[in-house]
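Below, each chain spelled out in residue letters.
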Amino acid sequence: MKSSCCSLTEIQRRIDEVKRFLSGTLAIANAHTVEFYTHDVWKRFIAVTPQEVLAAVSSGSDQQGAPEHKEKAEHSRTTFGFCIHSNRLVDIHELLEEAKAQSLPGLGVCVSRDELLQSLRGSKLECAETDKLEPDEFMNSKKSHEVQCMSKVVACLTQHCGVKQVIDVGSGKGYLSSFLSLQYGLQVFGIDSSSTNTHGAQERNRKLKKFSRAYQKRSKAAQTQAEPQSSPQTVERKPGLNQDGDALAGSGSQQDVGVSVDAPAAETQSELCPEAGELFLSALSADVIQHPSPRVPPSQLSVEERERRKRENLEKKARSRGEGADGVFSPLTSYVTSETELRDLITELEEAVMVGLHTCGDLAASTLRMFVAKPELSAVCGVGCCYHLLSEEFNPDGQEKPLQTACGFPLSQYLRNQSCFCGRNARMSACLALERVSLGQGIQMESLFYRAVLHVILRDHYSSYKSEKRVGNVYSKAKSFVDYVRRALHRLELDDSKLCDSDIQSYHDTYKARMDEMHAFNMLKVALAPCIEGLILLDRLCYLKEQEGVSFSALVQLFDPLLSPRCYAVVGLKSHSTKLKS
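Residues numbered from 1 in each chain as written. Predicted model: local features only at pLDDT ≥ 70, side-chain atom pairs only at ≥ 80, totals over all residues. Heavy atoms only, no water.

Q: Before we move on, could you go through the overall build of the protein chain and cite the residues and values that matter?
A: Looking only at helices and strands, the protein chain has 22 helices and twelve strands in total. By residue count, 57% of the 582 residues in the protein chain fall in the buried class. Across the protein chain, the fraction of contacts at a sequence separation of at least 24, relative to all contacts at a separation of at least 6, is 77%. About 24,700 Å² of surface is accessible on the protein chain, with carbon and sulfur atoms providing 48% of the total. (Helix = DSSP H or I, 4+ residues; strand = E, 2+ residues; numbered from the N terminus. Buried < 20%, exposed > 50% of the residue type's maximum accessible area, 1.4 Å probe, protein only. Contact = heavy atoms within 4.5 Å. Areas by Shrake-Rupley, 256 points an atom, 1.4 Å probe, with all protein chains shown as cover.)

So this is what it looks like as structure tokens:
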């Protein structure tokens, strides 16, 4: 586990390398797509043609590059491909090569899942499984991959630490929690701020137990059929799956914290982000972006609602204890922060492992803070998502800083001492999945193009183009660009009668020739995405390494990035629970 042996000093050095690279490139990631034409973003940042950028990106940045670019770079003197005099990009190959070097794989700081499992097990046997369930029998392929990969790591963590309890923060529909309890016989407390999710998770777990028993009967029947002397039996086909591959659909859960959205991202994005961010995220495929359920802080709940949730949680615990299963899953409704007293929430809590599968925004940072602060937590394994919803402590405008809770970035004292700041648009870019976009998935360029040209129209003909109102998801309903503009103007409560159809279409025709600029610029954002994500995750790793009571910490690639773009877990163990040394 060579890469897991990175010391605090080495991690800080890697952070410095990434920060130095981003200091010259973050402006690209923070540029507003909505203002692409009104601010002439291409000419402001780029000195090469869109075709050169697209060709370099599609070829994976050929090491040789174009000779004229090398000569140009040597003549003008560049830093990461940017001319030191004009601050414009003149060598796309140099930029792409450096971006690759400053990503997590390029920095060599990650541990593979197999390496982690080998170190946790040592000479021990495989983690004990109570039932031989196949996750793809009752969930879609993406979720099956995530649950199967993460559950084995969590089970090994509990075995290594000698504990039987797991706290799943942001448990959503309870896929991971249910699987851990049924497959590994663990007592799992799934905490989610959405009562819809916890109600759905309870019902889903009940159905899953029935499915587990049916699955075991089918397995025994198949084994019996394979024996020559046994009487022939027909093996039942597996339960029918819905269009997403979910055999447990219809459980009543409508939302999922930290799980990829199955519906088009644009339909819910307008309630999450300002206009510029909304457009960029709505143009991404649903597999690239993940959305949270609404989280209501306890201070904003009425006394009646707090009492209702408390009674509800106690009733669920009583039902779970009465079921008598070896592994118990107890879904609880609560908004948790680093200050939450877990023993007040879970009265039977002993030592436990805290986990989070795609914990959204600040919840990922809160999970790590809880791990450090709570003596009852022996280990943590968290995969974050929704970087665009992180709050930043050193945001210049102060708009994203929460009033009562700690910010999600930066987490480490090292970056806090430097007042490190990314920016909302840059964090949105970090949500992009390079591997998927490289295969042609992820960005719907036409919707981005429509919105940017609309902004030109608003600037030329309306004084309120910087209005607080949002256009929202009108692209999916529009039959043409003219229809899109008229729908958008109505949404913004602007008079569209001052523009005839030919005037509107003329804007489209004028900027159509420059659509490649927008495409190429967004591909640059995609290339920078792993570096921004890397800085956020290195900050979290650095935070754990700063803690005296944490003896092992690592970044672990748990998932295949093509199946699950947010594939990195932050893993930590406390001194009293592990012999591993980071």
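Q: Quick one: what's the story with the confidence of the model for the protein chain, residue by residue and with numbers?
A: Averaged over the protein chain, the pLDDT score is 79; the fraction of residues at 70 or greater is 67%. At the low end of the mean pLDDT range in the protein chain sits strand 6 (residues 259–260), at 32; at the high end sits helix 16 (residues 413–416), at 98. In the predicted structure, residues 229–274 sits below a pLDDT of 50 and forms 111 contacts with residues beyond four places in sequence or in another chain. Note on residues 280–293: pLDDT under 50 across the span, and 67 contacts to partners over four residues away in sequence or across chains. (pLDDT = per-residue confidence, 0-100.)

Q: Help me get a handle on the sheet that holds strand 9 (residues 352–360), residues and values and all.
A: Strand order in the open sheet made by the eight strands is 3-11-12-10-9-4-5-8, with mixed pairing throughout. Each edge of the sheet is formed by a strand with only one pairing partner; in this case those strands are strand 3 (110–112) and strand 8 (329–333). Across the sheet, the axes of successive neighbouring strands diverge by a mean angle of 25 degrees, strand direction being ignored. The pairing of strand 10 (residues 377–385) with strand 12 (residues 568–574) spans four bridges and is antiparallel. Bridging across to strand 12, C381 finds its partner in V571. In the packing of helix 7 (residues 113–121) onto the sheet, the strands contacted are strand 3, strand 11 (550–557) and strand 12, and the crossing angle to strand 3 comes to about 75 degrees. (Pairing = 2+ DSSP bridges. Axes fitted to C-alpha atoms, helices over the stretch in contact; angles between N-to-C directions.)

Q: Just give me the short version of helix 20 (residues 481–491), but keep the residues and values in it.
A: Most of helix 20 is tucked away, with eight of its eleven residues classed as buried. Those residues of helix 20 lying buried are F481, V482, D483, Y484, V485, R486, A488 and L489. In this structure, the buried residues of helix 20 make contact with helix 19 (445–461) and helix 21 (501–512). Count one or two residues on from helix 20 and you reach E493, which has phi positive near 60 degrees.

Q: Give me the packing of helix 19 against helix 20: which residues, what numbers.
A: Running from N to C, helix 19 and helix 20 point in directions that differ by 60 degrees, and their axes come no closer than 11 Å. Considering the angle they form, helix 19 stands oblique to helix 20. Helix 19 and helix 20 meet at a crossing whose hand is right-handed. Note on element contacts: helix 20 touches helix 19 through F481, Y484, V485, A488 and L489, opposite Y450, R451, V453, L454, I457 and L458. (Parallel < 35°, antiparallel > 145°, perpendicular 65-115°, else oblique. Left-handed = near helix turned anticlockwise from the far one by under 90°.)

Q: Give a description of the state of the cysteines that names residues and reports values.
A: All chains considered together, the criterion is met by zero disulfides. C422 carries a free sulfur, and the closest cysteine sulfur to it, the one in C420, is 5.4 Å from it. For C422, a relative accessible area of 2% corresponds to the buried category. (Disulfide = S-S within 2.5 Å.)

Q: Account for the pattern of salt bridges, with residues named and values stated.
A: Under the counting rule described, the total for this entry stands at 13 salt bridges. Among the ionic pairs, R427 bridges to E392, the shortest N-O distance being 2.6 Å. One end of the pair, R427, is in helix 17 (residues 424–429); the other, E392, is in the loop between strand 10 and helix 16, and 35 residues separate them in sequence. There is no split in this pair, since R427 and E392 are both buried. Each member of the salt-bridge network shares a partner with another, and the members are D40, R514 and E517. (Salt bridge = Lys/Arg side-chain N within 4 Å of Asp/Glu carboxyl O.)

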